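The lines below spell out each chain.
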Amino acid sequence: GQQLNQSPQSMFIQEGEDVSMNCTSSSIFNTWLWYKQDPGEGPVLLIALYKAGELTSNGRLTAQFGITRKDSFLNISASIPSDVGIYFCAGQLISGGGADGLTFGKGTHLIIQP
Amino acid sequence: NAGVTQTPKFRVLKTGQSMTLLCAQDMNHEYMYWYRQDPGMGLRLIHYSVGEGTTAKGEVPDGYNVSRLKKQNFLLGLESAAPSQTSVYFCASTQRVTDTQYFGPGTRLTVL
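Asker: Even after reading the chapter, I still don't get the overall build of chain B, so can you show me in this structure?
Answerer: Within chain B, the regular secondary structure consists of zero helices and eleven strands. Counting only C-alpha atoms, chain B reaches 35 × 25 × 25 Å along its principal axes. Taking all 112 residues of chain B together, the buried fraction comes to 50%. Pairs at least 24 residues apart make up 55% of the contacts formed inside chain B by residues separated by at least 6 positions.

Right under this line is the structure:
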């Protein structure tokens, strides 16, 4: 199956710092998604990317869909305590055969030190 | 509008026991998915459904069965639970395959 490599595995940063994480794939996707998961909750969508090269922002979050369709990154600017959580990238390959599920990275655990 | 709900929230089983996890969505979505999440791992797709009465295998289907008798419900069954099935199970739904998947809060299952 498809493999997603997400890095870093964890990040310890100071409040106010910028954060950057990325995902690379062994094969192409035509959709890249970034989710955040809080403890005891399901993942919540942050940003969706549908076109190679697309750069999309959502408040302090910015994500890009790589030109090769095999990678994506997520940046968080000026981190705040509520940004703490696990961030997952996910790729989806939509083909004529229909409804592929999402392939998830292993997550980046973001810890913010006050 | 409750979104995606899952029952139960927690369950402990003994090896060999069976159980059914229920996922319900009130958004009239066509597509529904079951994922499992293990420590240090992302979510992995177990089974999915593209509409009422249909099911299909995902990445890790062995040991699980599913049914979609009603559009709003997607059931995940374990016929003979094994310790390797200890995990957190998430259900998700979406209206179109190109749309956002909305996730439920999860069911934490422990098999002893």
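Asker: In this structure, what is going on with the sheet that holds strand 7 (residues 65-67) of chain B? I would like to understand it.
Answerer: For sheets, the rule is that strands pair by backbone hydrogen bonds, running either parallel or antiparallel. Residues and elements named next belong to chain B. Across the sheet, four strands lie side by side as 1-3-8-7; this open sheet has antiparallel pairing. Edge positions in the open sheet fall to strand 1 (4-7) and strand 7, since each of these has one partner strand only. Direction aside, the axes of adjacent strands within the sheet are offset by 20 degrees on average. When strand 3 (residues 19-25) meets strand 8 (residues 73-78), the two strands line up antiparallel, connected through six bridges. Bridging across to strand 8, Cys23 finds its partner in Phe74.

Asker: Any chance you could explain the sheet that holds strand 6 (residues 55-58) of chain A here in plain terms?
Answerer: All names here are of chain A. Spatial ordering of the open sheet is given by 1-3-8-7-6, a layout of five strands whose pairing is antiparallel. Two strands in the sheet have a free side with no partner beyond their single neighbour: strand 1 (4-7) and strand 6. Taken over all neighbouring pairs, the strand axes of this sheet differ in orientation by 15 degrees on average, direction set aside. Relative to strand 7 (residues 61-65), strand 6 runs antiparallel, the two being bridged by four bridges. By the bridge assignment, Leu55 is partnered in strand 7 with Gln64.

Asker: When you look at the interface of chain A and chain B in this model, what are you seeing that I'm missing?
Answerer: How big an interface is tends to be reported as the loss of accessible area on association of its parts. In this assembly, 19 residues from chain A lie in contact with 19 residues from chain B. Taken together, the two surfaces of chain A and chain B that pack against each other cover about 1500 Å², and 59% of this comes from carbon and sulfur. Linking chain A with chain B are zero salt bridges, by the criterion used here. On inspection of chain A and its partner chain B, the count reaches three residue pairs in polar contact (both at pLDDT 80 or more). Elements with a contribution of two residues or more to the side of chain A that touches chain B: strand 4 (31-37) and strand 9 (85-92) of chain A. Residues that form the side of chain A that touches chain B fall into these classes: nine nonpolar, seven polar and three charged.

Asker: Would you mind showing me how to read the environment of Thr15 of chain B here?
Answerer: All names here are of chain B. Mapped onto the fold, Thr15 is located in the loop between strand 2 (10-13) and strand 3. In the structure, Thr15 is positioned 97 residues away from Leu112 in sequence and 5.8 Å away in space, judged by C-alpha atoms. In contact with Thr15, other than residues within four places in its own chain, are Ala81, Pro83, Val111 and Leu112. A distance of 2.6 Å separates a polar atom in the side chain of Thr15 from the backbone oxygen of Leu112.

Cut-offs and rules
- Just so you know, the residues in each chain are numbered from 1, in the order the chain's sequence is written.
- Going through the entries in the order they are written, you letter the chains from A and number the ligands from 1.
- Only residues with pLDDT of at least 70 are given local features in this predicted model, and only at 80 or more are side-chain atom pairs given and counted; all residues enter the totals for whole chains, interfaces and linings.
- Water and hydrogen atoms were dropped before computing side-chain values, which therefore reflect all heavy atoms in the structure.
- Strands are runs of DSSP state E lasting at least 2 residues, helices are runs of H or I lasting at least 4, and numbering of each runs from the N terminus.
- Residue burial is assigned from relative accessible area. The probe radius is 1.4 Å, only protein chains are included, and a residue is buried under 20% of its type maximum, exposed over 50%, and partly exposed in between.
- When checking whether two residues touch, look at their non-hydrogen atoms; a contact exists if any pair is within 4.5 Å.
- Here the rule is simple: two strands pair whenever DSSP picks up at least two bridges between them.
- Axes here mean lines fitted to C-alpha atoms, for a helix over just the part in contact, with angles spanning 0 to 180 degrees between N-to-C directions.
- Two parts lose some accessible area (1.4 Å probe) when they are put together, and adding that loss for both gives the buried area.
- Whenever a carboxyl oxygen of Asp or Glu lies within 4 Å of a side-chain nitrogen of Lys or Arg, that contact is scored as a salt bridge.
- Here a polar contact is recorded for every N or O atom pair within 3.5 Å, except that within protein the pair must consist of a potential hydrogen donor and a potential acceptor, and residues adjacent in sequence are included only if both atoms are side-chain atoms.
- Under the convention adopted here, Pro, Cys and the residues Ala, Val, Leu, Ile, Met, Phe, Trp and Tyr are nonpolar, Asp, Glu, Lys and Arg are charged, and Gly plus all remaining residues are polar.

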